[in-house]
Protein chains: 2
Amino acid sequence: MATLQDIGVSAFINIVTAFAFLLAFALLRIQPINDRVYFPKWYISGARSSPRRAGNFVGKFVNLNVKTYFTFLNWMPQAMKMSQTEIINHAGLDSAVFLRIYTLGLKIFIPMTILALLILIPVNVSSGTLFFLRKELVVSDIDKLSISNVRPESIRFFVHIALQYLFTVWICFMLYKEYDIIASMRLRFLASQRRRAEQFTVVVSNVPHVSGKSKSDTVEQFFKTNHPNTYLCQQAVYNANKFAKLVRKRDRLQNWLDYNQLKFERHPDKRPTRKSGFLGFWGERVDSIDYYKKQIEEIEKRMALERQKILKDSKYILPVAFVSFNSRWGAAVCAQTQQSKNPTLWLTNWAPEPRDIYWRNLAIPFVSLSIRKLIISLSVFALVFFYMIPIAFVQSLANLEGLERVAPFLRPVIELEFIKSFLQGFLPGLALKIFLYILPTILMIMSKIEGYIAVSTLERRAAAKYYYFMLVNVFLGSIVTGTAFEQLHSFLHQSPTQIPRTIGVSIPMKATFFITYIMVDGWAGIAGEILRLKPLVIFHLKNMFLVKTERDREKAMDPGSVDFPETLPSLQLYFLLGIVYAVVTPILLPFILVFFALAYLVYRHQIINVYNQQYESAGAFWPHVHSRIIASLLISQLLLMGLLSTKKAANSTPLLVILPILTLSFHKYCKSRFEPAFRKYPLEEAMAKDLLDRTTEPDINLKAYLADAYLHPIFHSFEEEELVEVRVDKYQSRVASAPTSELSSPSPPHQVHHPSSPPHVYHPPPEHIYHPSSPPHYAYHPSSPPHYAYNYENES
Amino acid sequence: MATLQDIGVSAFINIVTAFAFLLAFALLRIQPINDRVYFPKWYISGARSSPRRAGNFVGKFVNLNVKTYFTFLNWMPQAMKMSQTEIINHAGLDSAVFLRIYTLGLKIFIPMTILALLILIPVNVSSGTLFFLRKELVVSDIDKLSISNVRPESIRFFVHIALQYLFTVWICFMLYKEYDIIASMRLRFLASQRRRAEQFTVVVSNVPHVSGKSKSDTVEQFFKTNHPNTYLCQQAVYNANKFAKLVRKRDRLQNWLDYNQLKFERHPDKRPTRKSGFLGFWGERVDSIDYYKKQIEEIEKRMALERQKILKDSKYILPVAFVSFNSRWGAAVCAQTQQSKNPTLWLTNWAPEPRDIYWRNLAIPFVSLSIRKLIISLSVFALVFFYMIPIAFVQSLANLEGLERVAPFLRPVIELEFIKSFLQGFLPGLALKIFLYILPTILMIMSKIEGYIAVSTLERRAAAKYYYFMLVNVFLGSIVTGTAFEQLHSFLHQSPTQIPRTIGVSIPMKATFFITYIMVDGWAGIAGEILRLKPLVIFHLKNMFLVKTERDREKAMDPGSVDFPETLPSLQLYFLLGIVYAVVTPILLPFILVFFALAYLVYRHQIINVYNQQYESAGAFWPHVHSRIIASLLISQLLLMGLLSTKKAANSTPLLVILPILTLSFHKYCKSRFEPAFRKYPLEEAMAKDLLDRTTEPDINLKAYLADAYLHPIFHSFEEEELVEVRVDKYQSRVASAPTSELSSPSPPHQVHHPSSPPHVYHPPPEHIYHPSSPPHYAYHPSSPPHYAYNYENES
């Protein structure tokens, strides 16, 4: 058990680490060469251009201005300068709401910390020693400040109960205020948005097959009948997954071709070669440039074939359509009502914004969705409770003997005593570390299998799964020793009233562990976040090997978005820790406070300077955060009940039983009061915006505006005359299922490439998304590699 | 423990009882004097008139036709004659769906019974004796036919598991088919209905208060703005609860006045008198006729005052309105969408049909609804688990000593040995019996407090509460001895996996109890139902003392409706028993079968001849029935798992664990597949009916048709010129909040009293509901006593 001194040492180490990170960041960010890594957002918004244009040669890479080194922490006040409104305009509402969670943490925990430290610490310390605990439990100094130090049956427990009441009321009050503010922010944000395609569009899934009719005709007829006054047009969805795969493959080959061509240019004496077999490892040696050229040719042939299939074969039209209406009111009505007698047909939902759509999942047949959901929920359960089993299995394999057998040439190295002991300590944990590192990716893949069609939903689902994992394996797993599976087993064989006691009694003893956890994961982790080590390295590597033009350099820096699937769950874990330990071991609270303050500063800086959100969900994740803070409250109340019942303060139970009931009622009230603002679009609002639009822009051609908003990004790489076929409504020329026509569209070509007004308003989409003028950079999937050819060093 | 012979004796007694009831019914029903008791439905539909017009004096009361006595069971084939379609036309869809539950029971249980008896009984019987049970457990003969007779760890359990699988699949299959049929019956029924007010109307609650504007104006303006193309008109709702109370009081006094006047007429020598004090028990003696006349006068003055208040005082207009649209499509859109930014304002829902509305609850302020719901759910929990506490308290008071103290004059009687022993056996149970008798009423009152505005919803909620009560106190309470509270306590202190074992192990032993229960409650109870003893007695009493005209006699017979709050839960209990015991003690199944068959016959007869449904919900209760049968399946699977685990057939658990998961998935699928048909109104359907209407009746004045459909029944007793104020839209004369106008309406008066087409189509409303021409018979509350004056005997 850690003493106060141990905690002090740990705190010192972590503070130094965090400080080192911050210092490194402060030094790196003022180097012009890193400018794109630390300020990509400003490049995207166009407010900043390469700082290397000015100055001498060295000054292009290294900051020679000595003065700036003395003000290296000035990013903090800079980060605070922007007002909330400016942040919304700059980075979107999602980012602003995300930051509000940190300020909410501060607002909740600052008064709680002061009160808990002032009242509870004296009460606990003066309560005598920990004489009642069994001898085998080693008591730490921290425990003397905690509730453990209070004698059983002491009247002092009423102080703790009173504070738990106070804290519950305070947290609920703050949550209510916050929900209110965020809900109205969301409504104001939605109301202030200019015309956006998704406001007029509904995604219809499970379109039934009517024999002898094309899907487009079926959809058109259905909505013309049932929404006669509001139906405007519809966009069929094509199954372009195979085509997209080919495009990705072609891009990858193109990258290799460029790389080899450049290599050849630099060393014209030696033509680059490669082996023709699997991954270039074996087979006969061939000329690389010729090889890749041939491969690309082949792929392009297959692409042409696939493209023809998509356009001609009606089987490639999915039973999904984007249906647009001539008013927001019409779309709101269609999205919220049931269309068909058979409730599994013609399912309507708000369309996500175009850049938020995860196109691949649109092709999932409806029937398999519920099976997928069932399977994934079982898998998540298994993952949360049994993840240790495969890891233990891998660990049993990954030992030194195994390593020696696989790679006998390593034996002399491994046999060295120093390296051997290092590996023996390192290898078993490796599997676990790798697993934890790839866990968010696994959870994201699971969410994708579930079949949600919006990236924002996918991220929220992944975040939920990660939260369950952390709750069971970090929170409960640390408190109750043993694997989650063992816990599950013992919980199933315990009486339900016993569980809070089991957990409650060991909670105060784990305070030191969680304090260390907060310092390592929270303090140092957040400081590492601002350093952006990985993007920094990748950017410089790309810069060295692939960048040839300024535009390529722009692309070399992917700013990324706030990583909601990871940050939200860990945030929620900190809320849980703070709320649970508030009355149990209040000394933990200051550590939480430091985390919230630091993380707030860091994320504020990152959101202003770095991240570029891929989509805008207008704070749709907030209800989840809210309900998980409520869940934390409930957990804390249950655990306190269990803890106090082991303290023989059993007469406190009736007092404490009221709290969860009140908390749940509060939650239910909040849900009915605010949640519809996040799920539905009130008609009043829609009508008001429609009327405003009609008066300000009475002669807008909405049909042309909406025509290609929901076109699969694949089609931006298609030929002009092919596009005519799928973007029917824009030119009113033909229906989608008709055979190819050689008639060129009568509209001017520029209209095809640059729709008169971009569908996204708050910040124009980054170049690599939806830029129709760059057909080979097919990139609806952000992870698809762009192809760079020239080495940056050569250019400079 | 009962032997097979005991069961036989019990069966014999119950069969004889049931037979006696049936015989009595058969004899009573062919007496002309009882004709109105046993065929009221036909009087209401007009197909039957008093049979007493023909024949001699005695023949008017007693059936002298000897032949009819020999065919006294011919009601059974008669009940079977009507086809389902005819029943729907005759009694409504609710009744038809209700009957289908019984046939579903037969369809499910007949194959199950055959299979279980053929396979399981031999398996169980041949399995050796019950040697493994501890000595203190007395083993009955029934147990030898049950799973108890199988040796632990026997391979034979796989037969039971296989059958459980088979039964689960079979039940799910039948449920799916049934849900499908009922959902399409519902849709067809709704589609085939003629124009009905509720198809065009939405009830809007929580209308916000806008200062300086009347509620009606606020509503009108809001819907004109947000539903400009479909909004038609609106009907404000007035708080007439106080007025209704006065009317009820006046009617009660009027009844007494009539009674006394008749008494005086019959005995003109003696003027009836009463004491003026409380309930006529003390105070000075006054002349009854004068007294009641004065009282009525007073009440009528107060009524006039209240009426003025309702019409003039804007506070009497509730923040609720019935908003009508010019098409079903418009109403469907409004009912399914969110109207306002603030999701607690402008809540829209389908309006129940006018006769289904429980007007009193419309006055409940919205804010108190969630509190009411919370309180009621806590009370139901308390009622289910702690109802024995107050009853035990009353029982402790209601003993012979207490009785002697309260009524010392009874002492000589009580002291008689025979009466004493009778009372000692009878009194303690009396409190419980009274409680169980009034329990449905208590539950109904609780549901009313919850604030639902439709009678159908109230009945469904009451049924749900009754089901929980039966599940815990009849099913679990009989299996696990001890009160429900003790069970709750022991369950809370047991591990969750232990509970199914505890219950499972005692299930086979309780089979005899449940067989007896089925015979007493099911067989004899159902036979009692057809006898209609209570209505028979009440009718003849009324006939004797109050009836003076033929119309009064018509009113003396309230046919009532199927008592859903009581019958549905007990039906569901029989499903539960059948499903749970199917593999455990299959000998119970034939008893269930007899119940379903008998009950089907009886209810078919009653629905055809007796009951007159108060409302038509188009089978809205079916999803509840479905989900409770699913719940029974889950319970049976869990209990079998527990039972088998005590049989050391632990390796069966993995096999059985799959079943609940499959069952739950099935339920989820059914829910998404069919439930929307019961909750929402698809736009496709609405549009189709609208179009049909437009072609068949293009020039209907919908506004006039809808104008007074949702007028509070109270207004039917108001004066013509007052009505102008509240039924604005019909005559287009003025708004509701304007001061009284002396202008008479230009429309012919008959239109006021008899709207051109009745709002209810399937069967015209019974006379005592909505008959505006009988102002003093104010009776929107069915239990309000009509006033009869002439003794029937005098008339004949």
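What counts, and where the lines are drawn
Residues numbered from 1 in each chain as written. Chains lettered and ligands numbered in written order. Predicted model: local features only at pLDDT ≥ 70, side-chain atom pairs only at ≥ 80, totals over all residues. Heavy atoms only, no water. Contact = heavy atoms within 4.5 Å. Buried area = accessible area lost by both parts, 1.4 Å probe. Salt bridge = Lys/Arg side-chain N within 4 Å of Asp/Glu carboxyl O. Polar contact = N/O pair within 3.5 Å; in protein donor to acceptor, adjacent residues only side chain to side chain. Helix = DSSP H or I, 4+ residues; strand = E, 2+ residues; numbered from the N terminus. Expected span 1.5 Å × (residues − 1). Buried < 20%, exposed > 50% of the residue type's maximum accessible area, 1.4 Å probe, protein only. Least-squares fit on C-alpha atoms with pLDDT ≥ 70 in both. Pairing = 2+ DSSP bridges. Axes fitted to C-alpha atoms, helices over the stretch in contact; angles between N-to-C directions. UniProt positions renumbered as here; feature names shortened; annotations may be inferred. Lys, Arg positive; Asp, Glu negative; His and termini not counted. pLDDT = per-residue confidence, 0-100. Phe/Tyr/Trp six-rings, centres within 6.5 Å; stacked < 30°, edge-to-face > 60°. Patch = residues over 30% accessible without salt bridge, like charges linked within 9 Å, V, L, I, M, F, W, Y side chains within 5 Å. Areas by Shrake-Rupley, 256 points an atom, 1.4 Å probe, with all protein chains shown as cover. Charge placed at Lys NZ, Arg CZ, Asp CG, Glu CD.

Trainee: Would you mind showing me how to read the interface of chain B and chain A here?
Mentor: Frequently, the measure chosen for interface size is the accessible area removed from exposure when the parts meet. Taken together, the contacts link 39 residues of chain B with 38 residues of chain A. Carbon and sulfur atoms supply 62% of the area that chain B and chain A bury against each other, a total of about 3500 Å² over both sides. Area buried by chain B at its contact with chain A is led by Gln338(B), Lys341(B) and Glu684(B), which between them contribute 18% of it. Scanning the region where chain B abuts chain A turns up two salt bridges. Taken together, the connections running from chain B to chain A amount to 14 residue pairs in polar contact (both at pLDDT 80 or more). Listing elements by their share of the side of chain B that touches chain A, those giving two or more residues are helix H10 (215-226), helix H13 (328-336), helix H20 (484-492), helix H28 (653-674) and helix H30 (683-696) of chain B.

Trainee: What is the right way to look at helix H14 (residues 366-386) of chain B in this model?
Mentor: Each α-helix turn comprises 3.6 residues. Residues three or four places apart therefore point the same way. Look at H14(B): 30 Å from first C-alpha to last across 21 residues, which is about the 30 Å you get at 1.5 Å a residue. Within H14(B), the full set of buried residues consists of Ser368(B), Leu369(B), Ile376(B), Val380(B), Leu383(B), Val384(B) and Phe385(B).

Trainee: Help me understand the relation of the copies chain B and chain A, please; the structure alone is not making it clear to me.
Mentor: Expressed as a screw operation, the relation of chain B to chain A combines 0.0 Å of axial shift with a rotation of 180°, fitting to an RMSD of 0.1 Å. Such a combination of rotation and displacement between the chain copies is what one expects of a two-fold axis. Of the interface residues in chain B, 97% have counterparts in chain A that sit at the interface too, so the contact is made through matching surfaces.

Trainee: Mind showing me how you'd approach the sheet that holds strand E6 (residues 347-350) of chain A here?
Mentor: The strands making up a sheet associate through backbone hydrogen bonding, with each pair oriented either parallel or antiparallel. Residues and elements named next belong to chain A. Reading across from one edge, E2-E5-E1-E6 is the order of the four strands in this open sheet, with antiparallel pairing throughout. Strand pairing shows two members of the sheet lacking a second neighbour, strand E2 (231-238) and E6, which therefore form its edges. Across this sheet, the average inter-strand angle for adjacent strands is 30°, counted without regard to direction. Direction of pairing for strand E1 (residues 201-205) relative to E6: antiparallel, over a ladder of four bridges.

Trainee: For this particular structure, what's the right way to read the UniProt feature "transmembrane region" (unreviewed entry) in chain A?
Mentor: All names here are of chain A. UniProt's feature table lists "transmembrane region" (unreviewed entry) at residues 12-30, 108-134, 154-176, 374-398, 418-445, 466-485 and 573-603, given in the numbering used throughout. Helix makes up 95% of residues 12-30 and strand makes up 0%, while its end C-alpha atoms are separated by 27 Å. Taken end to end, residues 573-603 has its terminal C-alpha atoms 17 Å apart, with 77% of it in helix and 0% in strand.

Trainee: Got a minute to help me understand the pairing of strand E5 (residues 317-325) of chain A in this structure?
Mentor: Where a strand is regular, its side chains alternate between the two sheet faces. All names here are of chain A. For E5, the tally of buried residues reaches eight of nine residues, placing the bulk of the element in the interior. Bridge analysis of E2 against E5 gives six bridges, and the strand direction is antiparallel. Paired with Gln234 across the strands is Val323, a residue of E5.

Trainee: How should unusual backbone geometry be read in this particular structure?
Mentor: Residue and element names in this part refer to chain B. Of note, the phi angle at Trp346 is positive, near 50°, even though the residue is not glycine. Looking at where Trp346 falls in the secondary structure, it is placed in the loop between H13 and strand E6 (347-350). For Ala618, which is not glycine, the phi torsion reads 55° and is therefore positive. By secondary structure assignment, the location of Ala618 is in the loop between helix H26 (589-609) and helix H27 (622-646).

Trainee: Explanation requested: the sheet that holds strand E5 (residues 317-325) of chain B in the structure shown.
Mentor: All names here are of chain B. Strands sit in the order E2-E5-E1-E6 across an open sheet of four strands; the sheet is antiparallel. Here the strands that pair on one side only, and so sit at the sheet edges, are strand E2 (231-238) and E6. If you compare each strand with its neighbour and ignore which way they point, the axes differ by 30° on average. Relative to E5, strand E1 (residues 201-205) runs antiparallel, the two sharing four bridges. Across the sheet, Val203 pairs through a bridge with Phe322, a residue of E5.

Trainee: Help me out: how do you make sense of the side chain of Glu616(B) in this one?
Mentor: All names here are of chain B. Locating Glu616 in the fold gives a position in the loop between H26 and H27. One buried charge, Glu616, has no salt-bridge partner; the nearest side chain with opposite charge is Arg355, at 5.5 Å. A polar atom in the side chain of Glu616 sits 3.1 Å from the backbone nitrogen of Leu93. A distance of 3.1 Å separates the side chain of Glu616 from the backbone nitrogen of Asp94, its partner in a polar contact. Here Glu616 is in contact with Ala91, Gly92, Leu93, Asp94, Phe189, Glu353 and Arg355, once residues within four sequence places are set aside.

Trainee: Quick question: what am I supposed to make of the confidence of the model for chain A here?
Mentor: When pLDDT drops low, the exact placement of atoms in the prediction is not to be read closely. All names here are of chain A. Summary statistics for chain A give a mean pLDDT of 76 and a share of 76% for residues scoring 70 or more. Overall, residues 131-139 carries pLDDT values under 50, and its contacts beyond four positions in sequence, including any with other chains, amount to nine contacts. Residue range residues 727-796 is modelled with pLDDT below 50. Its contacts to residues more than four positions away, or to other chains, number 144 contacts. Across the whole predicted complex the pTM is 0.77, and at the interface the ipTM reaches 0.74.

Trainee: Sorry, what's going on with the packing of aromatic side chains here?
Mentor: For any pair of aromatic rings, the description rests on two quantities: the centre-to-centre distance and the angle between the ring planes. Residues and elements named next belong to chain A. In the structure shown here, the tally under the stated rule is 72 aromatic pairs over all chains. Ring geometry for Phe381 versus Phe386: centroids 6.5 Å apart, planes at 70°, classification edge-to-face. Given the relative accessible area of 25%, Phe386 is considered partly exposed. Between Phe564 and Phe621, the aromatic rings sit 4.9 Å apart at their centres with planes inclined by 35°, giving tilted as the arrangement. Residue Phe564 is located in helix H25 (residues 564-581), and its partner Phe621 is located in the loop between helix H26 (589-609) and helix H27 (622-646); the two are separated by 57 residues in the primary sequence. Put simply, the rings of Phe98, Tyr102, Phe109, Phe564, Tyr574, Phe575, Phe595, Phe596, Tyr603 and Phe621 touch in pairs and so form one group of aromatic residues.

Trainee: Even after reading the chapter, I still don't get the pattern of salt bridges, so can you show me in this structure?
Mentor: Enumeration according to the criterion identifies 32 salt bridges over all chains in this entry. Salt-bridge contacts for Glu353(B) lead to Arg196(B); the nearest nitrogen and oxygen are separated by 2.6 Å. Separated by 157 residues along the polypeptide, Glu353(B) in the loop between E6 and H14 and Arg196(B) in the loop between helix H9 (157-192) and E1 bring together distant segments of the chain. Residue Glu353(B) is classed as buried on the basis of its relative accessible area of 3%. With a relative accessible area of 1%, Arg196(B) lands in the buried category. Connected through salt bridges with shared partners, the residues Arg196(A), Glu198(A), Glu353(A) and Arg355(A) form a single ionic network.

Trainee: Hey, could you run me through a positive patch on the surface in this one?
Mentor: Residues and elements named next belong to chain A. Taken together, Lys245, Lys249, Arg252, Arg302 and Arg360 make up a surface patch of like positive charges. In terms of residues, the positive patch owes the most to one element, helix H11 (residues 241-266), which gives three residues. Turning to its location among the elements, Lys249 is positioned in helix H11. For Lys249, a relative accessible area of 36% corresponds to the partly exposed category.

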